[in-house]
Amino acid sequence: MQLFGGIFFHGVGAASASLCYTPEKRVKGWSWQTYWLAQASVCWLLLPILVAWLTIPSLGQVLSEAPGEAMRNSFLLGMAYGVGGTAFGMAIKHIGFSLTYAISVGISCVLGTLVPPMMAGTLGDALSGTGGQWILTGVILGAAGIAFCGVAGRLKEKDVSQSKAGFSFKKGLPLCLLAGVLSAFYGFAINAGKPISDIAANYGAGDFQVNVVYLFSNTGAFVTTLIYTLWLHLKNKTLSEYASTGQSGLGVNYLMALITGMLWYGQFFFYGLGHVRLGKYEFSSWAIHMIMLVFFSSLVGVILKEWKATRAITRRALGFALFILLLAVVVLTYGNYLGGT
């Protein structure tokens, strides 16, 4: 039951992440940088502090005992993730939800899953045995399913490029590649912060132990986001938008930014709850989470009618991709079952 609880929490977190950009459609009178900094302040600064304070017993003592190297590395890796997250948000403006998630998350899925144990020199041992082979098969299937989502997205790009204003694969692709590589750094940041979460566990944090790591990984992401958005504000003279939109709806804008930040932070919160339940193959958390994220984000794209103007062959390609993604999650779950928890 612990394993299936972990899979469930990863699903909840992935669903939350797949929905987090939808409130942006209700934002009026704000430039991109105003909205992005407002929501980033919630998910990368305010909520990590609040949730750590609420869920980590003896938080001050935990932080005083935390290794300085672990705190520093988690923060710096989080800064790299922040660049990737910002590129991710910009890519969505050019090529939509589905294709951005397929390309960016596909890259992040493979790198974020296999590189940490590879760097630690434990990948060979982790993949040895029957369970490990199932895990590797699941990662490969997941990458294939994400690639098929990319194929479907490319077909969609051909179908709608003449009818959807602002659609630009040429502009969106480089941003997706950057986002994919740097977004994987978030998994690295969590791994770098494990000594901190271990201390939190010793003080009784239990399943919430990873929340203390977000104090460093998420605030690192916030710093890079703050620097970039403030530069855009100064360049475009848009700082005044926080006080006025030039029209009605300022309160709605802040509400949408709050909802976005809460949904995005929900991804981290439930990722932590899922991660601690996977046992021997907990490094596969990243693959499971990312595969589910692509699956749910594709469904969101369908609900938002991004695929409405596409041909039947395009929709069939998407359906096939979703089937492969589901199969990948089943295979990864079975591999974790064989490995025990």
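Residues numbered from 1 in each chain as written. Predicted model: local features only at pLDDT ≥ 70, side-chain atom pairs only at ≥ 80, totals over all residues. Heavy atoms only, no water.

Remarks on the overall build of the protein chain
In step 1: Looking only at helices and strands, the protein chain features 13 helices and zero strands.
In step 2: Each helix and strand of the protein chain, ordered N terminal to C terminal, gives the series α-α-α-α-α-α-α-α-α-α-α-α-α.
In step 3: For 341 residues, the compact-globule estimate of 2.2 N^0.38 gives 20 Å, and the C-alpha radius of gyration of the protein chain, at 20 Å, lies within 12% of that figure.
In step 4: A separation of at least 24 residues holds for 87% of the contacts in the protein chain among residues at least 6 apart in sequence.
In step 5: For the protein chain, the exposed area adds up to about 14,100 Å²; of that, 69% sits on carbon and sulfur atoms. (Helix = DSSP H or I, 4+ residues; strand = E, 2+ residues; numbered from the N terminus. Rg over C-alpha atoms; globule rule 2.2 N^0.38 Å. Contact = heavy atoms within 4.5 Å. Areas by Shrake-Rupley, 256 points an atom, 1.4 Å probe, with all protein chains shown as cover.)

Quick word on empty space enclosed by the protein
In step 1: The final tally for this structure, using the stated rule, is one cavity of 30 Å³ or more.
In step 2: Of the volumes computed, that of the largest cavity is approximately 190 Å³.
In step 3: Looking at the largest cavity, it is lined by 19 residues, and the ones nearest its centre are Tyr81, Phe88, Ser183, Gln267 and Leu293.
In step 4: Of all the elements, helix α4 (residues 68-119) adds the most residues to the lining of the largest cavity, at eight residues.
In step 5: Considered class by class, the residues forming the lining of the largest cavity number 13 nonpolar, six polar and no charged. (1 Å grid on protein atoms, 1.4 Å probe; cavity = no way out; pocket = protein on both sides within 12 Å on 5 of 7 lines; lining within 4 Å. Points joined across faces, edges and corners; volume = space filled by probe spheres on them. Nonpolar A, V, L, I, M, F, W, Y, C, P; charged D, E, K, R; others polar.)

Quick notes on the layout of surface pockets
In step 1: Of the pockets and cavities examined, the largest pocket occupies roughly 480 Å³.
In step 2: Looking at the largest pocket, it is lined by 24 residues, and the ones nearest its centre are Pro116, Pro117, Ala120, Gly187 and Asn191.
In step 3: Those elements that place two or more of their residues in the lining of the largest pocket are α4, α5 (123-127), α8 (185-192), α11 (250-275) and α12 (285-303).
In step 4: Considering each element in turn, the lining of the largest pocket owes the most residues, six residues, to α4.

What to know about helix α10 (residues 214-236)
In step 1: For α10, spanning 23 residues, the distance from its first C-alpha to its last is 32 Å, which sits close to the expected 33 Å at 1.5 Å a residue.
In step 2: Once α10 ends, the next one or two residues include Lys237, with phi positive near 55°. (Expected span 1.5 Å × (residues − 1).)

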